Amino acid sequence: MKKIIILNCTNRTGSNSLKISKLYQRLLKEKNNNVEIFELSDLPETIVFTELYGKRSVEYSELIKKNITDQENFIFVVPEYNGGFPGILKVFLDSIPPKEWANKKACLVGVSTGRAGNLRGMDQLAAILHYLKMHVYYNKLPISLVDKLIDEDGNFISEDQKNVCLLQLEGFLNF
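Residues numbered from 1 in each chain as written. Predicted model: local features only at pLDDT ≥ 70, side-chain atom pairs only at ≥ 80, totals over all residues. Heavy atoms only, no water.

### Concerning the overall build of the chain
Within the chain, the secondary structure is distributed over 5 helices and 6 strands. Start at the N end of the chain and walk to the C end: the helices and strands fall as β-α-β-α-β-α-β-α-β-β-α. What you see for the chain is a C-alpha radius of gyration of 15 Å, in line with the 16 Å of a compact globule of 175 residues. Considered along the principal axes of its C-alpha atoms, the chain spans approximately 45 × 35 × 30 Å. Looking at the chain as a whole, 47% of its 175 residues are labelled buried. Counting every atom, the chain has about 9,000 Å² of accessible surface; 50% of that belongs to carbon and sulfur. Positive and negative side-chain charges of the chain, numbering 22 and 21 respectively, have mean locations separated by a distance of 5 Å. (Helix = DSSP H or I, 4+ residues; strand = E, 2+ residues; numbered from the N terminus. Rg over C-alpha atoms; globule rule 2.2 N^0.38 Å. Buried < 20%, exposed > 50% of the residue type's maximum accessible area, 1.4 Å probe, protein only. Areas by Shrake-Rupley, 256 points an atom, 1.4 Å probe, with all protein chains shown as cover. Lys, Arg positive; Asp, Glu negative; His and termini not counted. Charge placed at Lys NZ, Arg CZ, Asp CG, Glu CD.)

Next up, the structure:
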């Protein structure tokens, strides 16, 4: 059984991305998958001035080893920020040696309250992940109008949206 790390790609607390990350985690666990969420809000506040440029702390090294180095399969849940993806995600990617990402698998989920589901941000991120030599699953799923698709308990209101997500997950598990 593959272990999957879901990266909640924002450090904003209570985000729609976190709701989708938790929903994806539930869907995967229902199919008996080993899955954990890694929230970028758990990064040290000083990441830009310490961890990024070689003043690596023991705590950050352990966080990277547990959530990146020792893993092979990642689902990036990426909110739209200004037509792209959050800067904290780029800082996080830049803080990790490229060899740590090489030959690992990535699945991308775009999240937006707008109509495009962060298509541009997923394309930008896919280009960076390819540069890092990751294998990016072809089915990059945009989730548009996310605030209208999930209820207060964090479940999809639309069965169609749930089924599209399940198809993406099934494909990624076989990727």
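### Let's talk about the side chain of glutamine 25
Examined against the element boundaries, glutamine 25 turns out to sit in helix H1 (residues 16-30). Reaching out from glutamine 25, the side chain makes a polar contact with the backbone oxygen of valine 35 at a distance of 3.5 Å. (Polar contact = N/O pair within 3.5 Å; in protein donor to acceptor, adjacent residues only side chain to side chain.)

### Section: the layout of surface pockets
Volume-wise, the largest pocket comes out at about 210 Å³. Lining the largest pocket, in full, are Thr10, Arg12, Ser15, Asn16, Ser17, Pro79, Glu80, Tyr81, Val111, Ser112, Thr113 and Val146. Of the residues contributing to the lining of the largest pocket, the split by class is 4 nonpolar, 6 polar and 2 charged. (1 Å grid on protein atoms, 1.4 Å probe; cavity = no way out; pocket = protein on both sides within 12 Å on 5 of 7 lines; lining within 4 Å. Points joined across faces, edges and corners; volume = space filled by probe spheres on them. Nonpolar A, V, L, I, M, F, W, Y, C, P; charged D, E, K, R; others polar.)

### Some remarks on the environment of isoleucine 128
Residue position: isoleucine 128 is located in helix H4 (residues 119-131). Relative accessible area serves as the criterion here: at 21%, isoleucine 128 is assigned to the partly exposed category. When near neighbours in sequence (up to four residues on either side) are disregarded, isoleucine 128 contacts Phe85, Lys90 and Leu93. (Contact = heavy atoms within 4.5 Å.)

### Comments concerning the packing of H1 against helix H5 (residues 159-173)
Running from amino to carboxyl end, H1 crosses H5 at an angle of 60°, the nearest separation of the two axes being 11 Å. With respect to the hand of their crossing, H1 and H5 are arranged in right-handed fashion. When H1 is examined against H5, the residues Tyr24, Leu27 and Leu28 are found in contact with a partner set consisting of Lys162, Cys165, Leu166, Gln168, Leu169 and Leu173. Looking at the contact of H1 with H5 residue by residue, the class counts come to 7 nonpolar, 1 polar and 1 charged. (Axes fitted to C-alpha atoms, helices over the stretch in contact; angles between N-to-C directions. Left-handed = near helix turned anticlockwise from the far one by under 90°.)

### Re H1
For H1, spanning 15 residues, the distance from its first C-alpha to its last is 21 Å, which sits close to the expected 21 Å at 1.5 Å a residue. Turning to H1, its buried residues number three or more, namely Ser17, Leu18, Ile20, Ser21, Leu23, Tyr24, Gln25, Leu27 and Leu28. In this structure, the buried side of H1 is in contact with strand S1 (3-8), strand S2 (34-39), strand S3 (73-79), strand S4 (105-111), strand S6 (141-143) and H5. (Expected span 1.5 Å × (residues − 1).)

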